Amino acid sequence: MSQAAMAGKANQTAMTILLGVSAAHLLNDAMQSVVPAVFPIFQQQLQLSFVQIGWVAFTLNITASILQPLIGLYTDRKPLPILLPLGMVFTLLGMVGLALAPSYAILLLAAALIGVGSSVLHPESSRVAHLAAGKGKGFAQSVFQVGGNAGQALAPLMVAFIISPRGQLGFLWFTLLAVAGILIQYRISKWYREQYRVAAAAKKAAKVSSAPAAKRFSKPFIGFVLGILILMLFSKFVYLASMTGYYAFYYMESYNLPLDRAQIVLFALQFAGMVGTFLGGPLADRFGRQKIIWFSILGTAPFSLLLPYAGPTGAIFLCIAIGLILMSGFSVIIVYAQELLPGHVGTIAGLFFGLSFGLAGLGSVVMGWLMDTHSVGLMVKVCAFLPLLGLFALFLPKDSKIMGQQV
């Protein structure tokens, strides 16, 4: 076989793997996103307060938040391909727990199991996407991330057509998605294991080289940049938590419409977010990561500020704009940070995915308290100002400094 044919086959395999991790991300995030989407059902069946609902979201998110950076840090040193299918096993157990939960305590345990599953998938699958990326790191991260956004977009429809007619037992249908995820992740883990062996051999051979190590950025510079990126995550994910977890209550209360109509609005938000995620990486590869990051947060502000005052139809169009712009930046933020700290792919992915879950979980508790003590409408209006924090992204260094120059 010629070298050109071998290279073409390798590229085709890499693209297949990239689509595989995106599909696994879709399944994982669809199952995870169903949990906040059915908060109204849990509230009615288990007689929960808004604060208790917030603690369910907190448990789901904080489990993943704590574990993801630890898993990413460990697997940067010693990759564990078997974790990919194992993570889906935890998600499978969580789905069964949600379907059969007779009490609030079991509901919290099921949420924690789903959080464990996500904590394994994100750092390890992000590393697989990085391995399969070639030169198009932004594109590869977007393909991986768009799978998650597609799953999030499908979750409201799944609630409307699968869970709403059946109640909690409808979660048993999601065990089929978990089984499919286990099979996909097992196939990917075999490719991942082989790539790790090749990389380990290459690293061993490279030890004979005497090339000087590249100078790293200073710690204050890294801390400054990571601080701004974390602030962007706070703005993005707390606002998204307010939408996915609680906007359905606001929509039903304000417009006197049923849950399935509210789910259509959330579907518009998530579907537009899927498109925005796919576009974000290639646009950042072309126009620069720093520009896309600040635009993805700050550019959302005009639409988020208008949303509390829109009618039921106008809300759909505003949610489309919000999802398209806001979701375009997350994959770009991860690649930007990975270029800031090369060699820490899993740690960065675990840290940023973990922070996104943790911030969303904390935000859910605070917003639940705000709704219990004041009103749903006030919570929506307060959260509408969060995208204005995108102004701080203007202080991020230009891409050329991150990629080519040293401090």
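Participant: Please clarify how the packing of aromatic side chains should be interpreted in this entry.
Facilitator: The full count for this structure, using the stated rule, is seven aromatic pairs. Ring geometry for Trp55 against Phe58: centres 4.9 Å apart, planes inclined by 80 degrees, an arrangement best described as edge-to-face. One end of the pair, Trp55, and the other, Phe58, are both in helix α3 (residues 50-77), three residues apart, so they sit about a helical turn from each other. What makes Trp55 partly exposed here is its relative accessible area of 37%. Of the residues examined, Phe58 reaches a relative accessible area of 17% and is grouped as buried. Look at Tyr251 and Tyr255: their rings are 4.9 Å apart centre to centre, the planes differ by 75 degrees, and that puts the pair in the edge-to-face class. Of this pair, Tyr251 and Tyr255 both sit in helix α8 (residues 219-255), four residues apart, which is roughly one turn of that helix. On the basis of relative accessible area, Tyr251 is assigned to the buried category, the value being 0%.

Participant: Can you help me understand unusual backbone geometry in this one?
Facilitator: We note that Gln47 has phi near 55 degrees; this positive angle belongs to a residue other than glycine. Residue position: Gln47 is located in the loop between α2 (39-46) and α3.

Participant: Is there a simple way to explain the confidence of the model for the chain in this structure?
Facilitator: Reading fine detail from the predicted coordinates is not recommended where pLDDT is low. Looking at the chain as a whole, the pLDDT averages 80, with 89% of positions reaching at least 70. Across the chain, the element-wise mean pLDDT spans from 65 in helix α16 (residues 399-404) up to 92 in helix α11 (residues 301-306).

Participant: Hey, could you run me through the environment of Thr75 in this one?
Facilitator: Here Thr75 shows up in helix α3. Relative accessible area serves as the criterion here: at 1%, Thr75 is assigned to the buried category. Spatially, the C-alpha atoms of Thr75 and Thr347 are 8.1 Å apart, while their sequence positions differ by 272 residues. Those residues in contact with Thr75, other than ones at most four positions away along the chain, are Leu80, Leu83, Glu124 and Arg127.

Participant: Is there a simple way to think about a nonpolar patch on the surface in this case?
Facilitator: A cluster of nonpolar side chains, namely Met15, Leu19, Phe139, Phe271, Val275, Phe278, Leu279, Leu283, Phe287 and Leu324, defines an oily patch on the protein surface of about 830 Å² accessible area. Breaking the nonpolar patch down by element, the ones donating at least two residues are α1 (3-37) and α9 (259-287). Of the residues forming the nonpolar patch, the biggest block, six residues, is contributed by α9. If you trace the backbone, Leu279 turns up in helix α9.

Participant: Could you clarify how one ought to interpret the side chain of Thr63 in this entry?
Facilitator: Assignment of secondary structure puts Thr63 in helix α3. Overall, the relative accessible area of 15% leaves Thr63 in the buried class. Separated by 2.6 Å, the side chain of Thr63 and the backbone oxygen of Thr59 make a polar contact. Residues within four places of Thr63 in sequence aside, it is in contact with Phe58, Ala112, Gly115 and Val116.

Participant: Just to check I follow, could you spell out the environment of Trp191 for this structure?
Facilitator: By the secondary structure assignment, Trp191 is in helix α7 (residues 174-206). Distance from Trp191 to Thr13, taken between C-alpha atoms, is 9.2 Å for residues 178 residues apart in sequence. Setting aside residues up to four positions removed in sequence, Trp191 forms contacts with Thr13, Ile17, Val128, Leu131 and Ala132.

Participant: Would you explain the side chain of Ser328 in this entry?
Facilitator: Position of Ser328 relative to the elements: it lies in the loop between α12 (312-326) and α13 (330-340). On the basis of relative accessibility, which here comes to 8%, the residue Ser328 falls in the buried class. Setting aside anything within four residues of it in sequence, one finds Ser328 in contact with Gly276, Thr277, Gly280, Ile292 and Ser296.

Participant: Looking at this model, I keep getting lost on α2. Mind explaining?
Facilitator: Since one α-helical turn is 3.6 residues long, residues separated by three or four positions face the same way. When we look at burial in α2, the residues that qualify are Phe39, Pro40, Ile41, Phe42 and Leu46. The first or second residue beyond α2 is Gln47, which carries a positive phi of 55 degrees.

Here is what the cut-offs are and how they apply
- Residues numbered from 1 in each chain as written.
- Predicted model: local features only at pLDDT ≥ 70, side-chain atom pairs only at ≥ 80, totals over all residues.
- Heavy atoms only, no water.
- Phe/Tyr/Trp six-rings, centres within 6.5 Å; stacked < 30°, edge-to-face > 60°.
- Helix = DSSP H or I, 4+ residues; strand = E, 2+ residues; numbered from the N terminus.
- Buried < 20%, exposed > 50% of the residue type's maximum accessible area, 1.4 Å probe, protein only.
- pLDDT = per-residue confidence, 0-100.
- Contact = heavy atoms within 4.5 Å.
- Patch = residues over 30% accessible without salt bridge, like charges linked within 9 Å, V, L, I, M, F, W, Y side chains within 5 Å.
- Areas by Shrake-Rupley, 256 points an atom, 1.4 Å probe, with all protein chains shown as cover.
- Salt bridge = Lys/Arg side-chain N within 4 Å of Asp/Glu carboxyl O.
- Polar contact = N/O pair within 3.5 Å; in protein donor to acceptor, adjacent residues only side chain to side chain.

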